[in-house]
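Descriptive structure summary
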Amino acid sequence: MCVDLHLHTLYSGDSSITPRRLVETLHAHSFLKTIAITDHNTLEGYHHVSKLATAYSDILVLPGIEASTPYGDLIIVGTEERPPNPALPERLIEFAKDRNVVTIIPHPYRAPSGLGDYSRHLRPTAVEVYNPTAMPIQNRMAQRLAQEMKLPQIAASDAHTIEDLGAAYTKIRASQNLDEILKAIRNGEVQPSQKPKT
Ligand SMILES: [Zn+2]
């Protein structure tokens with residue numbers, strides 16, 4: 001199954017994706033039916049999208065957040081609870097572990113919001129090794145980081161416009177179910193993927 005674990009709606013403040021357009025696009029999409037909404041420091045967009053998605057049996061929307069920390073961004077996927085803010089990455093990872101949900105280090109080497117080498121002090125669930133908004137060298141460094149830390153590797157679109165949706169995604173060995181998806185990410189049953197060039 002293909003999952004986009006990192007994208008933004010209007011509620012991020014820097015994205016043009018409306019909840020309605022998002023669910024309509026997913027419903028029409030040939031293979032991307034499962035996404036995590038990871039707005040900056042808010043779950044409001046998630047609530048709007050998941051409410052609209054209840055009308056479509058093919059779409060699964062996972063709760064998520066891209067939390068800002070003094071060292072860089074950290075993504076939490078799997079809980080509707082608001083994480084502490086402000087918080088250090090260590091505290092956010094603890095918050096996620098207490099709730100049995102996952103953390104992902106997005107674009108670790110993309111300036112200015114990547115955690116960079118600070119990631120090496122952390123114990124996240126996974127690393128985003130391909131992000132279309134990062135430069136190729138930054139993605140290669142992210143991949144090396146994940147290899148060295150022996151962590152599962154994911155890819156995501158980080159979409160801020162509807163056209164960017166699905167530019168990258170993760171193939172996950174799970175059925176369309178939140179707990180199964182979280183478990184598969186933890187177990188590394190994931191494969192970072194990019195939209196084939198046409
Ligand atoms: Zn993002």
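Use the structure listed above.
Residues numbered from 1 in each chain as written. Predicted model: local features only at pLDDT ≥ 70, side-chain atom pairs only at ≥ 80, totals over all residues. Heavy atoms only, no water.

**Looking at the pairing of strand β3 (residues 60-69)**
Remember that side chains alternate between the two faces of the sheet whenever the strand is regular. Where burial is concerned, most of β3 is hidden: eight out of the ten residues are buried. As judged from the four bridges shared by strand β2 (residues 34-37) and β3, these two strands associate in the parallel manner. Looking at β3, one finds that Ala-36 is bridged to Leu-62. Bridge count between β3 and strand β4 (residues 72-77): six bridges; the pairing is antiparallel. Bridge pairing in β4 places Gly-64 opposite Val-77. Where β3 folds back on β4, the antiparallel hairpin that results is connected by two residues. (Buried < 20%, exposed > 50% of the residue type's maximum accessible area, 1.4 Å probe, protein only. Helix = DSSP H or I, 4+ residues; strand = E, 2+ residues; numbered from the N terminus. Pairing = 2+ DSSP bridges.)

**Here's the deal with the sheet that holds β2**
Pairing is mixed across the open sheet formed by nine strands, whose spatial order is β7-β6-β5-β4-β3-β2-β1-β8-β9. Single-partner strands in this sheet number two, and they are β7 (153-155) and β9 (190-194). Going across the sheet, the axis of each strand differs from the next one's by a mean of 35°, ignoring polarity. For strand β8 (residues 168-172) and β9, the ladder comprises five bridges, and the chain directions are antiparallel. Bridging across to β9, Tyr-169 finds its partner in Ser-193. Across the sheet, helix α2 (residues 44-53) touches β2 and β3, and the angle it forms with β3 is around 175°. (Axes fitted to C-alpha atoms, helices over the stretch in contact; angles between N-to-C directions. Contact = heavy atoms within 4.5 Å.)

**Some points on the coordination of the zinc ion**
Protein ligation of the zinc ion involves His-6 (NE2), His-8 (NE2), Glu-66 (OE) and Asp-158 (OD), the donor distances falling in the range 2.0 to 2.3 Å. Geometry at the zinc ion is irregular, judged from the four donor atoms that bind it and their angles of 80 to 175° at the metal. (Donors = N, O, S within 2.8 Å, 3.2 Å for Na, K, Ca; no water. Tetrahedral: all angles 85-135°; square planar, octahedral: opposite > 155°, others 65-115°.)

**Concerning empty space enclosed by the protein**
For the structure shown, the criterion picks out one cavity of 30 Å³ or more. By volume, the largest cavity amounts to about 70 Å³. In terms of lining, the largest cavity is formed by Asn-41, Ile-65, Ala-67, Ser-68, Arg-82, Pro-83, Pro-84, Asn-85, Pro-86, Ala-87 and Leu-92. With three residues, the single largest contributor to the lining of the largest cavity is β3. Along the lines of polarity and charge, the residues of the lining of the largest cavity split into seven nonpolar, three polar and one charged. (1 Å grid on protein atoms, 1.4 Å probe; cavity = no way out; pocket = protein on both sides within 12 Å on 5 of 7 lines; lining within 4 Å. Points joined across faces, edges and corners; volume = space filled by probe spheres on them. Nonpolar A, V, L, I, M, F, W, Y, C, P; charged D, E, K, R; others polar.)

**Some details on the packing of helix α1 (residues 19-28) against α2**
Two numbers describe how α1 lies on α2: the axes approach to 9 Å, and their chain directions differ by 45°. One finds that α1 runs oblique with respect to α2. In the packing of α1 onto α2, the handedness of the crossing is right-handed. On the side of α1, the interface is formed by Pro-19, Arg-20, Leu-22 and Val-23, while α2 contributes His-48, Val-49, Leu-52 and Ala-53. Its residues assigned to classes, the contact of α1 with α2 shows six nonpolar, one polar and one charged. (Parallel < 35°, antiparallel > 145°, perpendicular 65-115°, else oblique. Left-handed = near helix turned anticlockwise from the far one by under 90°.)

**Here we look at helix α5 (residues 178-186)**
Each full turn of the α-helix corresponds to 3.6 residues, which orients residues three or four apart in the same direction. Taken as a whole, α5 has its buried residues at Ile-181, Leu-182, Ala-184 and Ile-185. Along the axis of α5, the buried positions cluster into a sector of 165°, meaning they face one direction only. Structural note: α5 exposes Asp-179 and Lys-183 on the side pointing more than 90 degrees away from its buried face. Capping the start of α5 is the job of one residue whose side-chain oxygen sits 3.0 Å from the backbone nitrogen of Asp-179: Asn-177. (Arc of directions from axis to C-beta. Polar contact = N/O pair within 3.5 Å; in protein donor to acceptor, adjacent residues only side chain to side chain.)

**Things to note about the side chain of His-160**
Examined against the element boundaries, His-160 turns out to sit in the loop between β7 and β8. Only 2.8 Å separates the side chain of His-160 from the backbone oxygen of Asp-158, close enough to count as a polar contact. In this structure, His-160 is in contact with His-8, Asp-14, Ser-15, Ser-16, Ile-17 and His-40, ignoring residues within four places of it in sequence.

**Quick look at the side chain of Asn-139**
Within the secondary structure layout, Asn-139 lies in helix α4 (residues 136-149). On the accessibility criterion, Asn-139 (8% relative accessible area) is buried. With near-sequence residues (within four places) excluded, Asn-139 lies in contact with Val-129, Tyr-130, Asn-131 and Ala-134.

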